[in-house]
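Descriptive structure summary
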2 protein chains.
Amino acid sequence: MSKKVGIICIGDELINGYTIDNNSNFIASKIRKFDNLDISNIFVVGDDLVSISDNLDYLMGKNINYIFITGGLGPTHDDLTKKVLCEYFNCELKICEKHYQKLYDKYPSKKKNHIKSQSEILEISQPIPNDIGTALSMHFMFKGITFFILPGVPLEVNKAMVNYILPDYIEPFYKMNNSVLTILTSGIYESSLYNRLKDIIEEWRDKIKVAFLPGYSGVKIRLTSLDSNISKDTFTQFKNLVEYKIKKYIYGYDDDKLNHIIGEILLKERKTLAVAESCTGGYLSKVITDVPGSSSYFKGGIVSYSNDMKVKILGIKSDVINEYGAVSKEVAVLMSENIRKKCNSDYGISTTGIAGPTGGSRNKPVGRVYISISTKKNTICKEFTFSDQRKINRNITIYISLFLLKKSIEIKK
Amino acid sequence: MSKKVGIICIGDELINGYTIDNNSNFIASKIRKFDNLDISNIFVVGDDLVSISDNLDYLMGKNINYIFITGGLGPTHDDLTKKVLCEYFNCELKICEKHYQKLYDKYPSKKKNHIKSQSEILEISQPIPNDIGTALSMHFMFKGITFFILPGVPLEVNKAMVNYILPDYIEPFYKMNNSVLTILTSGIYESSLYNRLKDIIEEWRDKIKVAFLPGYSGVKIRLTSLDSNISKDTFTQFKNLVEYKIKKYIYGYDDDKLNHIIGEILLKERKTLAVAESCTGGYLSKVITDVPGSSSYFKGGIVSYSNDMKVKILGIKSDVINEYGAVSKEVAVLMSENIRKKCNSDYGISTTGIAGPTGGSRNKPVGRVYISISTKKNTICKEFTFSDQRKINRNITIYISLFLLKKSIEIKK
């Protein structure tokens, strides 16, 4: 039978909407990968004694097996988590000398009572190291429930989960599930995907659930086994059927990111890339350079946000801009070709469009975007009309550009 | 006495960590601005009958006055919210003919039962229009608690809150609080801010609480009155004292964004801007062009991610790069000056640095960044050493660049 997991995220910042709670999302995204572990509740509460106790009462009455608590371990008077837990579990604090010494050596100028408070944990608990911050995490068992108490800083939660909690307390006891898979697609609408897949979805409906999740980067298709005893082969058989029908739209699986995938391909093929952006205004270059090591294949880009720059720096004749407009297939093609030549790269990408909210016309409404990919051998350009929302238009343009680039690289192989 | 607000966000995507819950954050950020309204609980649950009922039971037992529920109003079989609520409140659904007709007119090809399900609300409720999506929102009162039932799509929640719920049900009954203010600073560390302010914080500690909240964009200083009866004048007096001590580091208040502030200043002064980026790889241009209308003052930028581009497109002599390195004060200065001249703009900004995780050396560690601002009259350049994390280095560089630009514009006035 499945074990149940509850998460409590503590912080006045969270409950008052100053800060988005990323921790519960991170913890849940790791936990869901195991068979027989279900996340049943996520709570967000303020730094408030009564609310925290109430939430604990609730979870302890719901047959929960694991409780994660994040936040409120800092050294200031707002940080109440340890105080509440001591009261709740009727225990004192103890000091972890090893952690104290580590902090003392690292921050000799810090106040001693600050270092002390960051080294204290519940006397009923054992420490979990904090590899990058000061507040010590801890774990303990109470009435059959395993508790993990973590700081609020997302990077510290990340390290505690990945370096200690998963390898020491979860992985030895739970199998990774092989009956959930997310297939990442781009360049096709949800409804078209559904039409291509509806027969096999119908045929397999008792065995595997298929969910379509549209987003900026495309539509994700999540396959979930409805029976945890389904064999890996059967699941793979269904996956293969799905893939066969929509092969050319798939760019990856699960946590894959298009910018990282493209980086790997370009590195492997020793090819280089340059970008000329108009409507995306630097965003495409930003996403490409989010990837560590991207300087090996990304030569750079030009954000030609004004016609002047398209003429002077990209060398596009002003006649062409006057005749067809800066947002046109003709200009997009010249942008991708000229940036490729200027940077002496293997691939050139360009974007030009009307991001909005204003600037649209009858012929070229807000949301109209041209994306062009140029190689030494040929240049393609596609026209799109996305939405009336600037943010959506900019985001979708990035991911379609990267997807078209990936297609282009694959064709060249 | 304060009224209490609870929020329940429903969705398998949320509880399993596939999607971050932004809705509770958005709702909370709006609600917290009113006196006598406190958010006491945020719950995230899956599309699961029992969990949703349990969470409702919990909230209904806690003297809550308002309950917001988001998610699960879509037309698929996963969307259970209305079903659960009908059971919970022992009522049927009714159809909103006006909404049905609106959807029918807009999407004549959509299936009728799809349109019908999106137009149904609880018979005990009244509709709240959905200005951009299909699922109708609703509100009702039960045992003295006011319920708002909203879709899960963040933009739809945004519109429902801003266009209907706040103006119709909240603003008429609650005063905006004038005893909370967030002062936004940049270019100074938390500890230095604290040192400058500690005397007045101490002196006023019984009246006003001061919290320091560091982030990528700088340190936010939140002032909160500890006594809701404190007069506006007294609060302003304290605010003025704080501002006097740290004036030159303040760039805005509350929800202000540096990119929007700079946009407004440049528009007003009719000045233009161009950017040459190395370590930020397009991110600075992206943040500048996130602002609608930025094409009026942003001429464009060059992402000179390779030395080749610094030489060929920015016209920096390769001798300079060879002598001082691409990450140097000398190169940063030439980048900001050359981009300004090339684009014929009033201001030029440049960034060059070692974002990491690799590429550092003893003299220039990962995190070393040079930012330069150039005007027709002079050029400044500052050296920083941020962190060993690529993401942090890129983010901080963006905000410090914008802050230095703002300072530069103000000096010119």
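In this text, all values refer to a predicted model and were calculated from it rather than measured experimentally.

Under the domain assignment, chain A is made up of domain 1 (3–170), domain 2 (180–253) and domain 3 (259–412). Using only C-alpha atoms to locate each centre, domain 1 of chain A and domain 3 of chain A end up separated by 45 Å.

A few words on the relation of the copies chain A and chain B. For the pair chain A and chain B, the relating rotation is 180°, the translation along its axis is 0.1 Å, and the fit reaches an RMSD of 0.1 Å. The symmetry that links the two subunits is that of a two-fold axis.

Right, let's talk about the sheet that holds strand S10 (residues 208–215) of chain B for a bit. Residues and elements named next belong to chain B. Reading across the sheet, the four strands line up as S10-S11-S9-S12 and stay open at both edges, with antiparallel pairing between neighbours. Each end of this open sheet is capped by a strand with a single partner; those strands are S10 and strand S12 (250–253). When strand polarity is set aside, the average angle formed by the axes of neighbouring strands in this sheet is 25°. With five bridges connecting them, strand S9 (residues 180–185) and strand S11 (residues 218–225) associate as antiparallel partners. When the sheet's bridge partners are listed, Thr 182 is paired in S11 with Arg 222. Docked against the sheet, helix H8 (residues 190–203) engages S9, S10 and S11, running at close to 175° with respect to S10.

To continue, consider the packing of helix H5 (residues 97–106) of chain A against helix H6 (residues 112–119) of chain A. Residues and elements named next belong to chain A. Running from amino to carboxyl end, H5 crosses H6 at an angle of 140°, the nearest separation of the two axes being 9 Å. With respect to their mutual orientation, H5 and H6 come out oblique. Handedness of the H5/H6 crossing: right-handed. Together, His 99, Tyr 100, Leu 103 and Tyr 104 of H5 and Lys 112, Ile 115, Lys 116, Gln 118 and Ser 119 of H6 make up the contact between the two elements.

Scoring rules and cut-offs
Residues numbered from 1 in each chain as written. Chains lettered and ligands numbered in written order. Predicted model: local features only at pLDDT ≥ 70, side-chain atom pairs only at ≥ 80, totals over all residues. Heavy atoms only, no water. Domains from an automatic or database assignment. Least-squares fit on C-alpha atoms with pLDDT ≥ 70 in both. Pairing = 2+ DSSP bridges. Helix = DSSP H or I, 4+ residues; strand = E, 2+ residues; numbered from the N terminus. Axes fitted to C-alpha atoms, helices over the stretch in contact; angles between N-to-C directions. Contact = heavy atoms within 4.5 Å. Parallel < 35°, antiparallel > 145°, perpendicular 65-115°, else oblique. Left-handed = near helix turned anticlockwise from the far one by under 90°.

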